[in-house]
Amino acid sequence: MEDPAAAPGVEVERPANPAFGDFATNLAMKLARPLRRSPLDIAEALATALRTGQDAALFAAVDVARPGFLNLRVADAAYEALVAGVLAAPAQWGRIPAVKRRKINVEFVSANPTGPLTVGNARGAFVGDLLCRVLEAGGQQVTREYYFNDSGAQINHLGASVFAIRRGEPVPEDGYKGAYVEQLAREVPDDVWAAATADGAQPDAVLGGWASKRVRGMIEASLARLGVHFDVWKSEASLHDEGWVARAVQRLRDAGEVYEQDGATWFRSTAYGDDKDRVIFKSDGRPTYFAADIGYVTEKFSRGFDHLIYVWGVDHHGTVARNKNAAQAMGYNPDSYQVILIGWVRFVADGVEVSMSKRAGTFVTLDDLLDAVGTDAARWFFASRAAHVEIDFDIELARKQSAENPVYYVQYAHARIASILRKAEAAGLAPATSVAGLLAGEPEAALARTLSRLPEVVEDAVLAEETQGITAYATDLATEFHAFYRDARVLDEAEPDRSARRLALALATKTTLANALGLLGISAPESM
RNA sequence: GCGCCUGUAGCUCAGCGGAUAGAGCGUCGGCCUCCGGAGCCGAAGGUCGCAGGUUCGAAUCCUGUCGGGCGCGCCA
């Protein structure tokens, strides 16, 4: 046996069927071919080794099953030690030691400040923040960053719309409509209006600049409601003003990957596998969005980040290659430029698709969503689905179902435990400090087995950079606790020792639920 | 046409190489003398789009095919 750990596809897993034990491994089956022995023979040999080895005390049972599984049942004492560890260091429970601590920049939302955040922005905001939390749980140092466009055509359109409404004229064809624009028009301060209408002034730009600042304030307030806090707000204009774009283009030019054609300036993206070359400066001399993007990359790396993550909607996936290629051409490791594409959210109301348009003013704002379902329920909804898949979101259904949202199931279990602990204290009962004999009964054992899974669930989330596993696990643990509650009377003054042990287990469960919810940014209420 | 994502229970979604395919909601039927009924127990409901292939083993990997979404601008 050269190096069994190096055999591909070897896994240790939790069997779906608890009758097979706590852990199972396919090691023997994977070894069968290279060793030219039958899987059952190998499994038997491994089982004997484990049963008599120095760690034999860890296992209550080591069994072999067809066609070659090795099934392990962990000894009660190991679970008892684990629960004791949870109680001794609750804040540490579920945290994963970083293999390598890196400085990571995560840019998300980055919606232009031309209108309030809509439900369309909600997914990016939640998923971006959840990603950051998962990275932090994995020991990474994370900076949350919001990139916004504070000049240019979109902002001028907004300004023109405000200008028109203020003067009682119809909103221009490519302008913005909606109650918030009318609100903005009413709130234009006298000095701003004077500056916008002075001789030689550009009303669109002046009013657009003012309005976009106001809108940014609205956006920040909405994000605060979500529990999303950004460390850095970066303006596109600053990338040009501070010379980042110019220097980045020069770097590409020095690398020989820039050329002029048809009056425009191009990046040779095809040299790195792209479908076509990409314009940096248009023939009228103005920069494309891509120009700002490459300047931004150099600006971010100049701040010492080891890794950049961009959370974008799938509709931007066509721009990934050019940006990654430019990063590589400028000398950065392309693997340190990572894009996570968020699947489309199809909004439906009572089964009928509704289109969202900021310009047409037909959209549901993020604040409306939160008013309807609450931040915990909204967070749970997005956390429980893979980031890259397209999903349907029926806001009417969400509204109706908000009272029976699965998040409350988990929170209820937490609140129920809190209530039991309060009652125990009033009765003079306290959780046991010694956990010997904790797994005396099957209800206890089942609950201990489930709560012990938290670290591996978190590790899986960290590796996958996804959170569905955490919501699923929290639901499992809540279910397991409700079963325990049904089958095992916790508070019983006639059985103080047993009560103390069960209280200890309940407290460890409460900690586990709170840590799982905390990782998702969801509250764990003491009562509800 | 090409590229990427996607098709799993009535609905919304997990599972993504292992041993009887899961959850929530919905439907039907039970459970409040006792630690919170926002709970518990049970039932119905699936050819994992389809067809080949790889493997001891495929919802999971490969190929093809059909359906849905997104992208393929000197737009942002």
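Residues numbered from 1 in each chain as written. Chains lettered and ligands numbered in written order. Predicted model: local features only at pLDDT ≥ 70, side-chain atom pairs only at ≥ 80, totals over all residues. Heavy atoms only, no water.

We now examine the packing of helix α4 (residues 119-137) against helix α13 (residues 366-373). Axes are the key here: two packed helices are described by the angle between their axes and the distance separating the axes. Where α4 contacts α13, the axes come no closer than 8 Å and their chain directions differ by 75°. Accordingly, the angle class assigned to the pair α4 and α13 is roughly perpendicular. Facing α4, whose interface residues are Val-119, Ala-122 and Phe-126, α13 presents Leu-366, Leu-369 and Leu-370. (Axes fitted to C-alpha atoms, helices over the stretch in contact; angles between N-to-C directions. Helix = DSSP H or I, 4+ residues; strand = E, 2+ residues; numbered from the N terminus. Parallel < 35°, antiparallel > 145°, perpendicular 65-115°, else oblique. Contact = heavy atoms within 4.5 Å.)

Turning our eyes to something else, we now look at the protein's contact with RNA strand B. RNA strand B sits among 59 residues. The nearest are Asn-17, Asp-392, Tyr-412, Arg-416 and Tyr-485. Within 4 Å of the protein, the contacting atoms of RNA strand B are drawn from sugar and phosphate to the extent of 63%. Between RNA strand B and Arg-385, the relevant distance is 2.8 Å, taken from a sugar or linking oxygen to a side-chain nitrogen or oxygen of the residue. Put simply, the parts of the chain that give the surface near RNA strand B at least two residues each are α1 (27-35), β4 (69-74), β9 (264-267), β15 (391-394), α16 (406-426) and α19 (468-487). Per-class residue counts for the surface near RNA strand B are 25 nonpolar, 18 polar and 16 charged. (Near = heavy atom within 4 Å. Polar contact = N/O pair within 3.5 Å; in protein donor to acceptor, adjacent residues only side chain to side chain. Nonpolar A, V, L, I, M, F, W, Y, C, P; charged D, E, K, R; others polar.)

Before going further, it helps to spend a moment on the domain arrangement of chain A. Interfaces are often sized by the amount of accessible area the parts lose when they come together. Under the domain assignment, chain A is made up of domain 1 (4-74), domain 2 (79-98 + 405-519) and domain 3 (153-215). The C-alpha-based centres of domain 1 and domain 2 are spaced at 29 Å. Contact residues are listed per partner, giving 5 residues for domain 1 and 5 residues for domain 2. Carbon and sulfur atoms make up 39% of the area that domain 1 and domain 2 hide from each other, which totals about 400 Å². Interface area lost by domain 1 to domain 2 is led by Arg-14, Asp-22 and Val-74, which between them contribute 84%. Counting across the domain 1 and domain 2 interface gives 2 salt bridges. The closest approach of N and O atoms between Glu-456 and Arg-14, which form a salt bridge, is 2.8 Å. Looking at the side of domain 1 that touches domain 2, its residues break down into 2 nonpolar, no polar and 3 charged. (Domains from an automatic or database assignment. Buried area = accessible area lost by both parts, 1.4 Å probe. Salt bridge = Lys/Arg side-chain N within 4 Å of Asp/Glu carboxyl O.)

The antiparallel open sheet is built from 3 strands, whose spatial order is β8-β9-β10. Since the sheet does not close on itself, it has two edges, and those belong to β8 (258-261) and β10 (278-281), each with one partner. Strand after strand, the sheet turns through a mean of 45° between neighbouring axes, direction not considered. (Pairing = 2+ DSSP bridges.)

Another aspect to go through is the nonpolar core. One finds Val-106, Val-109, Tyr-146, Leu-223 and Phe-393 to be the most contacted residues of the largest nonpolar core, which totals 113 residues. The element contributing the most residues to this core is α4, with 11 residues. Here this core gathers at least three residues from each of two domains, domain 2 (79-98 + 405-519) and domain 3 (153-215). Apart from residues no more than four positions distant in its own chain, Val-109 is found in contact with Leu-117, Gly-124, Ala-125, Tyr-146, Leu-223 and Phe-230. In terms of nonpolar packing, the next biggest core, distinct from the first, is built from 29 residues, Phe-290, Tyr-296, Met-330 and Tyr-337 among them. (Core = buried A, V, L, I, M, F, W, Y, C linked by side-chain atoms within 4.5 Å. Buried < 20%, exposed > 50% of the residue type's maximum accessible area, 1.4 Å probe, protein only.)

Looking at the secondary structure, you find Asp-376 in helix α14 (residues 375-383). It is 9.6 Å that separates the C-alpha atoms of Asp-376 and Asn-405, two residues lying 29 residues apart in sequence. Other than its neighbours up to four places away in sequence, Asp-376 contacts Val-407, Gln-411, Gly-521, Ile-522 and Ser-523. A polar atom in the side chain of Asp-376 sits 2.6 Å from the side chain of Ser-523.

All told, the structure shown has 20 aromatic pairs when counted by the stated rule. Relative to Trp-233, the ring of Tyr-146 has its centre 4.3 Å away and its plane inclined at 25°; by these criteria the two rings are stacked. Of this pair, Tyr-146 sits in strand β6 (residues 141-148) while Trp-233 sits in strand β7 (residues 232-235); the two residues are 87 residues apart in sequence, bridging distant segments of the chain. On the basis of relative accessibility, which here comes to 0%, the residue Tyr-146 falls in the buried class. Consider the rings of Phe-381 and Phe-393, whose centres lie 4.6 Å apart with planes at 85°: the pair is edge-to-face. Of this pair, Phe-381 sits in helix α14 while Phe-393 is found in strand β15, placing the two residues 12 residues apart along the sequence. Each member of the pair, Phe-381 as well as Phe-393, carries the same accessibility label: buried. Taken together, the ring pairs connect Phe-108, Tyr-146, Phe-148, Phe-230 and Trp-233 into an aromatic cluster. Geometry around Trp-244 places Arg-247 over its ring, the cationic atom sitting 4.6 Å from the centre. The ring centre of Tyr-296 lies 4.2 Å from the NZ or CZ of Lys-300, which sits over that ring. (Phe/Tyr/Trp six-rings, centres within 6.5 Å; stacked < 30°, edge-to-face > 60°. Lys NZ or Arg CZ within 6 Å of the ring centre and 35° of its normal.)

This brings us to the packing of helix α17 (residues 442-451) against helix α20 (residues 496-519). At a minimum axis distance of 10 Å, the contact between α17 and α20 shows a crossing angle of 25°. Judged by the inter-axis angle, α17 sits roughly parallel to α20. In terms of crossing hand, the pair formed by α17 and α20 is left-handed. On α20, the residues touching Glu-444, Leu-447, Ala-448 and Leu-451 of α17 are Arg-502, Leu-505, Ala-508, Thr-509 and Thr-512. (Left-handed = near helix turned anticlockwise from the far one by under 90°.)

Here the focus is the environment of Leu-370. Within the secondary structure layout, Leu-370 lies in helix α13. With 251 residues separating them in the primary sequence, Leu-370 and Val-119 have C-alpha atoms 9.3 Å apart.

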